[in-house]
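Each chain is listed here by its residues.
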Amino acid sequence: MRAITIRNFGPISDSTRLPIKPLTIFCGQQGSGKSTITKLISTFSWIEKALVRQKVSINYVMANNRFQSTFCKYHYIDSYFKTDSYIKYEGEAFTIEYKDGKVGIEPQKQGHYKMPKIMYVPAERNFMVAVEHAEKIAGLPPSLMTLQDEYRKALAAWEEQALPINGFRVRYDRLNKIAWLQGEDFKVRVHEAASGLQSVIPLVLVTRNLAKHIKEGTAHPLSSEEKEKLQKEVEAIYKMNLKEEVRNALIQRLNQRYENVCFWNIVEEMEQNLYPSSQMSVLLHLLSIFNQVEGNELILTTHSPYILDYVTLAAKAGLLKKMFGNDESKLAKLNKIIPLESAIDEGGFVIYQITENGRVATLALPSGLPEDGNYLNALLEESNSIFADLLELEDE
């Protein structure tokens, strides 16, 4: 299992060691460091993947302050470093450690690395919908440009796609390159849609399209340079005097360096501009996609107490699904409440809370479910307490 440790980086003062589970959620106030952590996870994940594929070398990553000036620049966190910043990423293939202003990289001797497709979905995603042809605007953040490219591919992949909200659909006019939002009795350009829908459309379409390619084994068409390199390596293996089973094993390992077999989806503020019931619909849809392929990961940041409640429901559904076994009658009843495809394993997720002083703590999961005394629910309790004080003052 991967893990990350962060100290004195940006707003994060101390994270201890944070295991990265298949479903990982970060909650906390604005500016507390949720996105800082997920951007670091994204950066290290990409570096590890590039090292495994031999797209970059260890020396390349370590040299010339490149980790800070190039790799962290992608997510605009290159200015977050302090003199005593410490970061350690423990991956499946490499351990990468930033300490005393230098990067050290050590290959892992054990562990099976599954090549992932890594997607970072930033909170600013509605910009590309609100502004038509945003791809023509210069100076967009790199992560937003990447999402913009994937969004265009996702639009072109289907003529029409359903959204997991109120039966709305997105229809794409390939000839004129215009995206439409349709309901039962209306049709508008997507840039005229409500802000919540503008946020959901790129998130859902890109997630769905990339997951589809992973499931079908068409996730990463090789560039001409990669094809040429792969061909040379295959030819070199065939020139060796090897037994057939050894040769086949080497070629299989070689193919694994290039083929994406799982999908790591990192999403900022999934609930952005959404009504609570819509938050639930979108979350359950993302969870159903997350459950499609072994090795998939979903990392979320959130300000919403509803998201934690809905994750609790999905985890409870997972417990009941396991309990019911092959009892089709009970499973059918469960499916009407929480879709079986969205149920999650109680041991496969973790929730982290970030406090005001930049410390990161694991939310306790008694019986495999999030406890009520979490950061976001505590804020709801505080508002109830304030209202009680107001009523008491009224009575006086």
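Residues numbered from 1 in each chain as written. Predicted model: local features only at pLDDT ≥ 70, side-chain atom pairs only at ≥ 80, totals over all residues. Heavy atoms only, no water.

A.B. asks: Explain the sheet that holds strand β6 (residues 102-107) here, please?
C.D. replies: Pairing in this open sheet of 5 strands is antiparallel, and the strands run β2-β1-β4-β5-β6 from one edge to the other. Looking at which strands have only one partner, the edges of the open sheet turn out to be β2 (12-20) and β6. Going across the sheet, the axis of each strand differs from the next one's by a mean of 5°, ignoring polarity. Of the pairings in the sheet, the one linking strand β4 (residues 86-90) to strand β5 (residues 94-99) comprises 5 bridges and is antiparallel in character. Opposite Glu90, over in β5, you have Thr95 as the bridge partner. Those strands touched by helix α1 (residues 34-52) are β1 (2-9), β2, β4, β5 and β6, and its axis lies near 125° from that of β1. (Pairing = 2+ DSSP bridges. Helix = DSSP H or I, 4+ residues; strand = E, 2+ residues; numbered from the N terminus. Axes fitted to C-alpha atoms, helices over the stretch in contact; angles between N-to-C directions. Contact = heavy atoms within 4.5 Å.)

A.B. asks: Honestly, the packing of helix α9 (residues 276-290) against helix α10 (residues 305-324) in this entry has me stumped. Any pointers?
C.D. replies: What describes two packed helices is the angle between their axes and the distance between those same axes. Running from N to C, α9 and α10 cross one another at 45°; their axes reach a closest spacing of 10 Å. One finds that α9 runs oblique with respect to α10. Between α9 and α10 lies a crossing of right-handed hand. Listed contacts from α10 to Pro276, Ser277, Gln279, Met280, Leu283 and Leu287 of α9 are Tyr306, Ile307, Tyr310, Val311, Leu313 and Ala314. Of the residues belonging to the contact of α9 with α10, the class tally is 10 nonpolar, 2 polar and no charged. (Parallel < 35°, antiparallel > 145°, perpendicular 65-115°, else oblique. Left-handed = near helix turned anticlockwise from the far one by under 90°. Nonpolar A, V, L, I, M, F, W, Y, C, P; charged D, E, K, R; others polar.)

A.B. asks: Hey, could you run me through empty space enclosed by the protein in this one?
C.D. replies: It is a probe the size of a water molecule, rolled over the atoms, that shows where empty space is left. Summed over the entire model, instances satisfying the criterion amount to 3 cavities of 30 Å³ or more. Thr207, Phe263, Asn265, Leu286, Ile289, Phe290, Asn296, Glu297 and Leu298 are the residues that line the second largest cavity. For the lining of the second largest cavity, the secondary-structure elements that each account for two or more residues are β12 (262-267), α9 and β13 (297-302). Residue contributions to the lining of the second largest cavity peak at 3 residues, all from α9. (1 Å grid on protein atoms, 1.4 Å probe; cavity = no way out; pocket = protein on both sides within 12 Å on 5 of 7 lines; lining within 4 Å. Points joined across faces, edges and corners; volume = space filled by probe spheres on them.)

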